[in-house]
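Chain residues, written in single-letter form:
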Amino acid sequence: MIPKKATVLVFSPTGTSKKSAVAVARGLGCPVELLDLTVPGAAAPRAFGPDEVVVLGTPCYSGRVPQLAMSRLAGFTGDHTPCIVTVTFGNRHFDDALAELCDFCQNSGFVPVAGAAMVAQHTFGQIAVGRPTAEDEADDTAFGQKVAQALETGIVDRTGAIPGNRPYKDGGSGGKFRPSTLDTCVSCGLCRKNCPAGAIGDDNRTIDNEKCLSCFRCIALCPKKAKAMRDPGYDAFCVKFNEMLAQRQENRYFL
Ligand SMILES: Cc1cc2nc3c(=O)[nH]c(=O)nc-3n(C[C@H](O)[C@H](O)[C@H](O)COP(=O)(O)O)c2cc1C
Ligand code: SF4
Ligand code: SF4
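Residues numbered from 1 in each chain as written. Chains lettered and ligands numbered in written order. Predicted model: local features only at pLDDT ≥ 70, side-chain atom pairs only at ≥ 80, totals over all residues. Heavy atoms only, no water.

A. Seen up close, the layout of surface pockets. Taken as a whole, the largest pocket encloses approximately 480 Å³ of empty space. Class assignment for the residues of the lining of the largest pocket results in 11 nonpolar, 16 polar and two charged. Two domains each donate at least three residues to the lining of the largest pocket, and these are domain 1 (5-169) and domain 2 (180-244). Lining the second largest pocket are T14, T16, Q121, H122, T123, G125, Q126, F216, I219, A220 and Y234. (1 Å grid on protein atoms, 1.4 Å probe; cavity = no way out; pocket = protein on both sides within 12 Å on 5 of 7 lines; lining within 4 Å. Points joined across faces, edges and corners; volume = space filled by probe spheres on them. Nonpolar A, V, L, I, M, F, W, Y, C, P; charged D, E, K, R; others polar. Domains from an automatic or database assignment.)

Right under this line is the structure:
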């Protein structure tokens, strides 16, 4: 088949999963629409046809897809629609995250035709800084082109070629670090409106510790740098973590 359209469905608090999934879709050679599911209520679920292709993109959190991302995907359905499953990971590993997306596909009418696990800057510390680079994105797009060529000869379920364990490891619920709000906050509301978990109170300052994912989106977005990580344990954690994950990892593509 030659797809008439590609839709990229992403959950991407700090934007790297979006960048990488879109780079893959660019290689498919058809018009691309982006549906960003990061913020609650951003896009209503929809049904896709057999002449379309869908690219899923989420980060890997503790070896799994964030549970919040899985809940955002609920209700999207395919009709034998080919789907490329993609995750980003912060230079450690993606463990069972791609397997989880493959299973979502099979349970929702999509056919997982290919997978990619792409390295991205880690949310915590200074790991894989600047990735995906332009070079990474070019590799992602070249992979998208290969998937398009494979689709011309038919839609084949590649779940068997995509790594991951079942049952999955525990993970996906988020991290333990919680941002603070500094006095430079001007209460513009940007962080509250963009928090994936709805964890920031109406005062734009209070964080609901139970809801917060440690995704650092608020820290990345605040124009006043007023959302910041001030947890005393964080800096010490980062020193060790940076060391542990210093060795460069490569993107992995499965077709
Ligand atoms: C709570 C949490 C858990 C994470 N777990 C992993 C992991 O298991 N393996 C890994 O390599 N990176 C891990 N990361 C790093 C993210 O996968 C990586 O930074 C990703 O690119 C973020 O995607 P985004 O920019 O789309 O939000 C984790 C990040 C967070 C916030
Ligand atoms: S984005 Fe920054 S300045 Fe705006 S409300 Fe949030 S913390 Fe305050
Ligand atoms: S409050 Fe927590 S969940 Fe919300 S954007 Fe900030 S780090 Fe992410």
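B. The arrangement of the environment of R166 in detail. With respect to the helices and strands, R166 occurs in the loop between α4 (134-152) and β6 (180-181). What makes R166 partly exposed here is its relative accessible area of 43%. Residues R166 and F124, spaced 42 residues apart in sequence, show a C-alpha to C-alpha distance of 27 Å. Setting aside residues up to four positions removed in sequence, R166 forms contacts with A99, C102, D103 and T159. Separated by 2.8 Å, the side chains of R166 and D103 make a polar contact. (Helix = DSSP H or I, 4+ residues; strand = E, 2+ residues; numbered from the N terminus. Buried < 20%, exposed > 50% of the residue type's maximum accessible area, 1.4 Å probe, protein only. Contact = heavy atoms within 4.5 Å. Polar contact = N/O pair within 3.5 Å; in protein donor to acceptor, adjacent residues only side chain to side chain.)

C. Broad picture of the site of ligand 2. In the neighbourhood of ligand 2, the contacting residues comprise C185, V186, S187, C188, G189, L190, C191, N204, C222, P223, A226 and K227. Residues belonging to the shell around ligand 2 are distributed by class as follows: eight nonpolar, three polar and one charged. (Near = heavy atom within 4 Å.)

D. Fine view of the packing of aromatic side chains. All told, the structure shown has 14 aromatic pairs when counted by the stated rule. Aromatic rings pair up to connect F124, F177, F216, Y234, F237 and F241 into one cluster. (Phe/Tyr/Trp six-rings, centres within 6.5 Å; stacked < 30°, edge-to-face > 60°.)

E. View of the site of ligand 3. By nearness alone, every residue bordering ligand 3 is listed as P179, C195, P196, I200, I207, C212, L213, C215, F216, R217 and C218. Here the residues of the shell around ligand 3 sort into 10 nonpolar, no polar and one charged.

F. Fine view of unusual backbone geometry. Cis geometry is adopted by the peptide bond preceding P132, which originates at R131 and carries an omega value of 5°. Positionally, P132 belongs in the loop between β5 (110-119) and α4. Its identity is not glycine, yet S62 carries a phi of approximately 50°, on the positive side. With respect to the element layout, S62 can be found in the loop between β3 (52-59) and α2 (67-73). Of note, the phi angle at K225 is positive, near 50°, even though the residue is not glycine. Structurally, the position occupied by K225 is in the loop between α6 (217-221) and β7 (227-228). Given the relative accessible area of 66%, K225 is considered exposed.

G. Highlighting helix α3 (residues 97-107). Burial of α3 is extensive: nine of the 11 residues sit out of reach of the surface. Along α3, the residues that are buried comprise A97, L98, A99, E100, L101, C102, D103, F104 and C105. Packing partners of the buried residues in α3 comprise β3, α2, β4 (81-89), β5 and β8 (252-254). Residue G109 follows α3 closely and has a positive phi angle near 90°.

H. Region of the structure containing the domain arrangement of the chain. Once the domains are mapped, the chain shows domain 1 (5-169) and domain 2 (180-244). If you average the C-alpha positions of domain 1 and of domain 2, the two centres end up 26 Å apart. Residue-level contacts link 16 residues of domain 1 with 15 residues of domain 2. Summed over both partners, the interface of domain 1 with domain 2 buries about 1,200 Å², with 69% contributed by carbon and sulfur atoms. Along the contact surface separating domain 1 from domain 2 lie zero salt bridges. (Buried area = accessible area lost by both parts, 1.4 Å probe. Salt bridge = Lys/Arg side-chain N within 4 Å of Asp/Glu carboxyl O.)

I. Representation of the side chain of T7. Tracing the backbone through its elements, the reader meets T7 in strand β1 (residues 5-10). Using a relative accessible area of 0% as the deciding quantity, one classes T7 as buried. Excluding anything up to four places from it in sequence, T7 contacts E33, L35, R46, F48, E52, V53, V54 and V55.

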